[in-house]
Structures are given as structure tokens and as C-alpha cells.
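Summary of structural features
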Amino acid sequence: MQQLNDIVDSKILKQYNTQEKRSYLGASSIGDECIRKVQLQYMQKDQKVSAKQIRTFDIGHCLEDLVIKWLRIAGFDLKTRNENGEQFGFSVANGKFAGHVDGLIYNFPEEFPDKPEGPALLEIKTMNHKSWNDTQKRGVLVSKPVYYSQVQLYMAYLELDRCLFVALNKDTSDLYFEIIPFDPGMAQKYSDRAVQIIKATENNELLPCVSGDSSFFLCKMCGFRDHCWKEP
Ligand code: SF4
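About the cut-offs
- Once a new chain begins, its residue numbering starts again from 1 and follows that chain's sequence as written.
- With pLDDT at 70 or above as the cut-off, local features in this predicted model cover only qualifying residues; side-chain atom pairs require 80 or more to be listed or tallied, and sums for whole chains, interfaces and linings still use all residues.
- Just so you know, side-chain values use all the structure's heavy atoms and leave hydrogens and water out.
- Pairing of aromatic side chains here covers Phe, Tyr and the six-membered ring of Trp, requires ring centres within 6.5 Å, and sorts the geometry by plane angle: under 30 degrees stacked, over 60 edge-to-face, intermediate tilted.
- Secondary structure is summarised from DSSP: a helix means a run of H or I of at least four residues, a strand means a run of E of at least two, and numbering begins at the N terminus for each.
- In this scheme, the term charge over a ring applies when either NZ of a lysine or CZ of an arginine sits within 6 Å of the ring centre and within 35 degrees of the ring normal.
- Buried residues are those whose accessible area, probed at 1.4 Å on protein chains only, stays under 20% of the maximum for their type, while exposed residues exceed 50% and partly exposed ones sit between those limits.
- The convention is simple: Lys and Arg are positive, Asp and Glu are negative, and His and the chain ends are not counted.
- By salt bridge we mean one thing: a side-chain nitrogen of Lys or Arg within 4 Å of a carboxyl oxygen of Asp or Glu.
- At least two DSSP bridges between two strands are needed for those strands to be called paired.
- Only the stretch in contact is used when a helix axis is fitted, and all axes are lines through C-alpha atoms; the angle between N-to-C directions ranges over 0 to 180 degrees.
- Residues count as neighbours in contact if any of their non-hydrogen atoms are within 4.5 Å of one another.
- Residues grouped as a nonpolar core are buried Ala, Val, Leu, Ile, Met, Phe, Trp, Tyr and Cys residues, joined through side-chain atoms within 4.5 Å.
- Put simply, a residue is near a molecule or strand once any heavy atom of it comes within 4 Å of that molecule or strand.
- When residues are sorted by character, Ala, Val, Leu, Ile, Met, Phe, Trp, Tyr, Cys and Pro go into the nonpolar class, Asp, Glu, Lys and Arg into the charged class, and all the rest, Gly among them, into the polar class.
- Convention used here: angles under 35 degrees read as roughly parallel, angles over 145 as roughly antiparallel, angles from 65 to 115 as roughly perpendicular, and any remaining angle as oblique.
- To count toward a patch, a residue needs a relative accessible area above 30% and no salt bridge. Like charges then connect within 9 Å, nonpolar side chains (Val, Leu, Ile, Met, Phe, Trp, Tyr) within 5 Å.
- The accessible surface values rely on the Shrake-Rupley method and a 1.4 Å probe; as for residues, cover is taken only from the protein chains in view.

**Observations regarding the packing of aromatic side chains**
- Inspection of every chain in the model, using the stated rule, returns 7 aromatic pairs.
- Ring centres of Tyr147 and Phe165 lie 6.1 Å apart, and the angle between their planes is 35 degrees; this geometry places the pair in the tilted category. Of the two residues, Tyr147 is situated in helix α5 (residues 145–158) and Phe165 in strand β7 (residues 162–169); the sequence distance between them amounts to 18 residues.
- Residue placement shows Lys79 over the ring face of Tyr106; its charged tip is 5.3 Å from the ring centre.
- One residue, Lys125, lies across the ring of Tyr147, its end atom 4.4 Å from the ring centre.

**Quick word on the side chain of Glu64**
- Along the chain, the position of Glu64 falls in helix α3 (residues 51–73).
- Here Glu64 sits buried without a salt bridge, and the closest side chain of opposite charge, Lys125, lies 5.9 Å off (N-O distance).

**Considerations on the sheet that holds strand β5 (residues 103–107)**
- As summarised here, the arrangement of the 5 strands in space is β2-β5-β6-β7-β8, forming an open sheet in which the pairing is mixed. At either end of the open sheet lies a strand with only one pairing partner, and these are β2 (77–79) and β8 (175–181). Recorded for the sheet is a direction-independent mean angle of 30 degrees between the axes of neighbouring strands.
- Both strand β6 (residues 117–127) and β7 contribute to a ladder of 7 bridges, which runs parallel. Across the sheet, residue Thr126 finds its bridge partner in β7, namely Leu168.
- Contacts between α3 and the sheet are confined to β2, β6, β7 and β8, with β6 contributing the most and set at about 140 degrees to the helix.
- In the packing of α5 onto the sheet, contacts are made with β5, β6, β7 and β8, and the angle to β6 comes to roughly 155 degrees.

**Re the nonpolar core**
- Core analysis: the largest hydrophobic core is formed by 33 residues, its most contacted members being Leu25, Ile30, Phe97, Leu121, Met155, Ile180 and Ile197.
- Every element with two or more residues in this core is listed here: α2 (35–42), β6, α4 (129–143), α5, β7, β8 and α6 (184–202).
- It is α6 that provides the largest number of residues to this core, a total of 6 residues.
- Excluding its chain neighbours within four sequence positions, the residues that come into contact with Ile180 are Val140, Tyr148, Val151, Gln152, Met155, Arg162, Cys163 and Phe165.
- One finds Ile68, Leu71, Ile105 and Leu122 within the second-largest nonpolar core, a separate group that totals 14 residues.

**Description of the site of the ligand**
- Looking at the ligand, the residues that line it are Cys34, Arg36, Lys37, Cys209, Val210, Leu218, Cys219, Cys222, Phe224, Arg225, Cys228 and Trp229.
- Ranked by residue count, the leading element in the shell around the ligand is helix α8 (residues 225–229), at 3 residues.
- For the shell around the ligand, the per-class residue count stands at 9 nonpolar, no polar and 3 charged.

**Some words on the sheet that holds strand β3 (residues 89–92)**
- Pairing within the open sheet is mixed, and its 3 strands lie in the order β1-β4-β3. The open sheet terminates on both sides in strands that have one partner only, identified here as β1 (25–26) and β3.
- Of the pairings in the sheet, the one linking β3 to strand β4 (residues 97–100) comprises 4 bridges and is antiparallel in character. When the bridges of β4 are listed, Val92 appears paired with Phe97.

**So, the pairing of β6**
- Summarising burial for β6: 8 of the 11 residues are buried, a large majority.
- Inspection of the sheet shows β5 paired to β6 by 4 bridges, in the antiparallel sense. Counterpart to Asn107 in the pairing with β6 is Glu117.

**Considering the packing of helix α1 (residues 2–18) against α3**
- Put simply, α1 and α3 touch, their axes get as near as 9 Å, and they point 70 degrees apart. When the interaxial angle is binned, α1 and α3 end up roughly perpendicular. Residues Asp9, Ile12, Leu13 and Tyr16 of α1 touch α3, and the partners they reach there are Ala51, Ile54 and Arg55.
- In terms of residue class, the contact of α1 with α3 is made up of 5 nonpolar, no polar and 2 charged.

**Focus: a nonpolar patch on the surface**
- A grouping of Leu66, Trp70, Ile73, Leu175 and Phe177 is seen on the molecular surface, where their side chains present a nonpolar patch of about 440 Å² in accessible area.
- Ranked by residues supplied to the nonpolar patch, first place goes to α3 with 3 residues.
- Tracing the backbone shows Leu66 in helix α3.
- Here Leu66 falls in the partly exposed class, since its relative accessible area comes to 31%.

Next up, the structure:
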């Protein structure tokens, strides 16, 4: 019933497009390979997105809640919201740069090897099989540098010295765990990048494209294609 697919997709997109855009530079995307893309997001430029991408994003959110449930069953003492019911996070530079975290771990289960003393940052990601396998094989720093920069910034601003990174394989339901220690040099590098983006935007300066070629693989699948490569 293609007609029904089309109806659902168009309503999802309509609802997505009426949502208020994020008015700050988010720590979750600061490590993207293309600095222009991060800047265009900050500038709230229209980004082409498909209904399927929105559904995938929403599924990820729901699955993160499941992972939190499983961690609690396993004996993790963790919180995802503060006493006011708000997500933990940070906001600096007069609210221009901010981020929200999945949770804080106050205590690890007794059985945990080399049980770290809390608190620690909790970051959960959901991945397809190929991506999850690569993360497990090469680790977050090499396989998922954007996630690595994200957690380093969270640790820096929340003054934490370790992060439990959890990746859920959406195809097999397997879990991958990695303890990521705080890396001050990396956190500084991406904090400087945030300042660069905010300053450039305030000076009406557009930061460089990731490539000089519109057929570059990142540009081919980018929602800002029209901003960068549209004929004048
Ligand atoms: S189209 Fe290419 S250069 Fe432009 S924002 Fe996307 S990835 Fe960056």
C-alpha cells in the first residue's frame, strides 16, 4: 500500500518541519567532518531530511530508553533527569553552545571489572550491524570520532573524568560497552571549534566546505547540498 506509506511520510515530514529549530550550537554535532555543515545547522538553515531518517532517529530515542532500563536492572545507579525533570547538560557562551546528556552514573554494579567510582557520563547510541561491528572492532575514538568529541565536551563541561559508552546493535540486540577516559586536549580542540563557528557566524563569514567537489561522498548525502552546490 504505497499510498499509505506516502500519507504517513508526508505527515511525519509536516510535523517535523513545524518543530522549532535548535537555536544553539549543539555539542552532538561539533565533531562533524564538515565544519560548514555544523555552521549551517547553527544558522538554522533548511536541511533536507527524509521521513525515513526521522523514523530512524525516533527509533533510536525509544531504544535508548530500553538500554537505560537494562542498565538499571543490571545494578547501575543512574539518573537521566535532574530534580526539576530536566535533562542534564551544559550551556555556555550565553547559551550559544550547549549539549544534553543521556544520563549520569552514580554507581556501577559491584560485579563490574575494576569498578570505577562514580559519577560518570552515560552516552547511548544505536547502530546498524555494520556500524556496530566497526565500533566494537576499532573503538569509539577511531570508528566514531563525532561521538568521541561529543562525550569529551560533555565530560569537560560537566567536570567528569570518564564516560560509559553503550552501543546497541539494532539488528542483533547485542550491546557494546566502552569506558572512555576524559581527554582534555580533545575537549579543548572541539571547544575551540565551537568558538570558531560562533565567531564566524557573527561576522557573516561562511566556513569552508569539506570538499571542492560536489560529488564528494559526504556532500552527496548531505541535507545542505543545495546551500553549498546549487547553481547561482
Ligand atoms: S554539502 Fe558538503 S560542504 Fe556542504 S555542508 Fe554538506 S558536507 Fe559540507
